[in-house]
Amino acid sequence: MGDLVRRLVSGNKARYRDEELDLELDLAYITDQVIVMGYPATGIEGLYRNRREDAKKFLDHHHGKNYWVFNFCPVKENSYPDSVFEGRVSRYPFPDHHAPPLAILPLVAREIRLWLDGSPERVAVLHCKAGKGRSGTMACAYLLSREVAWTTRTPDQDVSEKERAKTRAELVMNAMPADEAADVASSDGQPGDDPIKREITAGGEKPAAPEESAVSGQGAKGAAAPKRKDTQDSLSHVLELHTSKRMKRPSSPSKKLKQGVSIPSQRRWLYYWSLVLAHQAPPGFWSTDPEVLARPSPKVRLTQIKLRMRELSGFKTNLVRAVNTLVDAAGLSKTTATTNSRSHVWASLARYDDDFVETLEEWERFTRDESGDMGVRRKGAEQMDGQTFADLFKEGRFDNKKMVRSFARMGTLRDEDIQKEESKADGKIETLLLRPLTGDKWLSIREKIEAEEKAPSGDAANVESEDASIYDTTQTLKGDGGVVLDAHRELRVKLYLGQVFMGWFWFIPTFHMPHPRGAGEQSATLVLTRKEIDFPVGIGSSILDVSVSMEWCSEAADVANPPARQGSAESMEGQGEPPGVAATMQAVAGGEVKGMAEAKRAADD
């Protein structure tokens, strides 16, 4: 009975059956040295995930002391003492369903490589909660950093040659498969078309030439940086390999495997990493040049977000209104919202804790090998100022609270920001221009919402609210020119209709901007289809595409700091954003039962 429940929870992921130990685990060998598995749980969670004692029994039996565990769960999500696996545990925490700070990718890849290079008998065991998105992203990050061919043998040495041939065939046939469960297919998507590959190859600026890149060309001692395989081919191959090993084979030959790394933003991060590895990152990105480091980071201005979506039916509009009312009545949020007007579509801009990211990037520079190979850790880089990397996460310094918090809001300001049209392909369409909201404009919109909903009278100024709720005016921009962003830093754009979560996406501006930056106006527009947005289920399935307009700030403006990540006391504790119940109900309304649980968890994060 327990295995049946675990199979249901595993869904489309492959499971490992060990006849010798009579164990079945949510576990897969991506290569003969890289294992990905679900969280090793205890108690009630052990009834539907890998039981901790079973995972340890399997690893001890097959690998003795030759395994090292890499845990990507924050303390507030899941945790266990290192002693469970005899101290062979490294932690690189970041939230479920999110893209990580980019600097985590080289740090993980380098430590995995350092461990595995110690002996061909060693294995790296990667896990998050489900053992799919975060652990899959990091497994792919490591594999992208290697120049060698991978083998995929497992403890089961009796796998038939026919089975291995079938696996090899699937690697070819299932190139970049579409994932219906996590990503809603776009109306113009082609079979087998990968949106992230299209996003970075069609219509955008080409990456910087190798001689322009901060991490390209010569190593620290003048040695030529190692040449790498074509970026796109390497990324495609790694994603295909992970998918073929981690996901369950479909019952019908006509169906394709679900994607292993299926969240578009995580796949986008792997593309960024592949550019860094190929020494094609934008100029100045992750530079170790003291002169570059002494200068302030280049800034971009996010001027507007254009959202195109199908007009909601009367039923869905009323349902969203009911969800907002239910959330308020249940006391789950201190916001009040309506859906009578699309003026209440809004976006929250967020990023990781600045100290967290700066610390990771400092360790990335410190551990970078002098040869210029971004996947190799420099010898003697175990400690920096008497501290090991593992010391950073002791006592949950960065991950015992909310790791991502918002700093600005965007919404419609004028009637002309909402345009309606009709097309044969998509029916009635609304186009909304979301612009930065100043404190006064945000307050005005909030008061309109309250008036339309006939909210109970009260002093709104006394309400302590989440940093991304409609009551928070502390982090809005002070001008209409746009939101100033660090071009080299990650950004999350989270879309809402009232209090109902519609989807989000992560990106790093500099990878989508024209280079080199010169005098005069230089702008770029990042266009994402619904298929390139994370968790666009339910109401979010009405999204057609999102366009993010950005322009370079002048170099003189680089001294300006982006809006600070601050918020209420509740925000610091990670409470109060429009809650997951709204995402759950609207997912049901949209008929997206498969995506319901993921949408709820994503909205909660």
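Being a predicted model, the structure only gives us computed values, none of them experimental.

### Some remarks on the overall build of the chain
- A count of helical and extended segments in the chain gives 15 helices and 19 strands.
- Looking at the chain alone, contacts between residues at least 24 apart form 77% of all its contacts between residues at least 6 apart.
- When the accessible surface of the chain is summed, it comes to about 25,000 Å², and 50% of that surface belongs to carbon and sulfur atoms.

### Description of the packing of aromatic side chains
- For the structure on display, the rule yields 25 aromatic pairs.
- Its end group placed over the ring of phenylalanine 366, arginine 378 keeps NZ or CZ at 4.7 Å from the ring centre.

### Notes on the sheet that holds strand E4 (residues 34-37)
- The mixed open sheet is built from five strands, whose spatial order is E3-E4-E7-E5-E6. One side of each edge strand has no neighbouring strand; the edge strands of this open sheet are strand E3 (27-29) and strand E6 (89-91). Averaged over all pairs of adjacent strands, the angle between their axes in this sheet comes to 20 degrees, without regard to strand direction.
- As defined by bridge partners, E4 adjoins strand E7 (residues 123-127) across four bridges and the pair is classed as parallel. What sits directly across from isoleucine 35, in E7, is valine 125.
- Against the sheet, helix H2 (residues 52-63) makes contact with E3, E4, strand E5 (67-71) and E7, and its axis sits at roughly 145 degrees relative to E5, the strand it touches most.

### A word on the pairing of strand E8 (residues 299-310)
- One ladder, built from four bridges, connects E8 with strand E15 (residues 483-486); its direction is antiparallel. Of the residues in E15, the one forming a bridge with lysine 299 is aspartate 486.
- Relative to strand E19 (residues 543-552), E8 runs antiparallel, the two being bridged by nine bridges. Across the sheet, arginine 301 pairs through a bridge with glutamate 551, a residue of E19.
- Relative to strand E14 (residues 427-436), E8 runs antiparallel, the two sharing six bridges. The partner of arginine 308 across the bridge, within E14, is threonine 431.

### Thoughts on unusual backbone geometry
- Between histidine 515 and proline 516 the backbone carries a cis peptide bond, its omega angle lying at -5 degrees.
- Structurally, proline 516 is set in the loop between strand E17 (500-507) and strand E18 (523-529).

### What about the pairing of E17?
- In terms of burial, E17 is largely enclosed, as eight of its eight residues are buried.
- With seven bridges joining them, strand E16 (residues 491-497) and E17 adopt antiparallel strand pairing. Paired with lysine 494 across the bridge in E17 is tryptophan 504.
- In this structure, the hairpin formed by E16 and E17 is closed by a connection of two residues, where glycine 498 is found at a positive phi of approximately 65 degrees.

### Thoughts on helix H3 (residues 104-116)
- Its 13 residues give H3 an end-to-end C-alpha distance of 18 Å, which sits within 8% of 18 Å, the value for a rise of 1.5 Å per residue.
- Where burial is concerned, most of H3 is hidden: twelve out of the 13 residues are buried.
- Looking only at H3, the buried set comprises Ile104, Leu105, Pro106, Leu107, Val108, Ala109, Arg110, Glu111, Ile112, Arg113, Trp115 and Leu116.

### A word on the environment of aspartate 18
- Here aspartate 18 lies in strand E1 (residues 16-18).
- On the accessibility criterion, aspartate 18 (4% relative accessible area) is buried.
- With 40 residues separating them in the primary sequence, aspartate 18 and phenylalanine 58 have C-alpha atoms 8.3 Å apart.
- In this structure aspartate 18 touches Leu23, Phe58 and His62, once residues within four positions along its chain are discounted.

### Things to note about the confidence of the model for the chain
- Chain-level pLDDT for the chain is 75 on average; 63% of the residues reach the 70-or-more range.
- A low-confidence stretch, residues 202-212 (pLDDT under 50), is modelled with 14 contacts involving residues beyond four sequence positions or located in other chains.

### Focus: the pattern of salt bridges
- In total, this model carries 32 salt bridges according to the counting rule given.
- For arginine 113, the salt bridge goes to aspartate 373, with nearest N and O atoms at 4.0 Å. With arginine 113 in helix H3 and aspartate 373 in the loop between helix H11 (354-367) and strand E10 (383-384), this pair connects stretches of sequence that are 260 residues apart. In terms of burial, arginine 113 and aspartate 373 fall into one category: buried.
- The partner of arginine 146 in a salt bridge is aspartate 117, with the nearest N and O atoms 3.2 Å apart. Residue arginine 146 is located in the loop between helix H4 (133-145) and helix H5 (161-173), and its partner aspartate 117 is located in the loop between H3 and E7; the two are separated by 29 residues in the primary sequence.
- Relative accessible area serves as the criterion here: at 10%, arginine 146 is assigned to the buried category.
- With a relative accessible area of 49%, aspartate 117 lands in the partly exposed category.

The rules behind these values
- Residues numbered from 1 in each chain as written.
- Predicted model: local features only at pLDDT ≥ 70, side-chain atom pairs only at ≥ 80, totals over all residues.
- Heavy atoms only, no water.
- Helix = DSSP H or I, 4+ residues; strand = E, 2+ residues; numbered from the N terminus.
- Contact = heavy atoms within 4.5 Å.
- Areas by Shrake-Rupley, 256 points an atom, 1.4 Å probe, with all protein chains shown as cover.
- Phe/Tyr/Trp six-rings, centres within 6.5 Å; stacked < 30°, edge-to-face > 60°.
- Lys NZ or Arg CZ within 6 Å of the ring centre and 35° of its normal.
- Pairing = 2+ DSSP bridges.
- Axes fitted to C-alpha atoms, helices over the stretch in contact; angles between N-to-C directions.
- Buried < 20%, exposed > 50% of the residue type's maximum accessible area, 1.4 Å probe, protein only.
- Expected span 1.5 Å × (residues − 1).
- pLDDT = per-residue confidence, 0-100.
- Salt bridge = Lys/Arg side-chain N within 4 Å of Asp/Glu carboxyl O.

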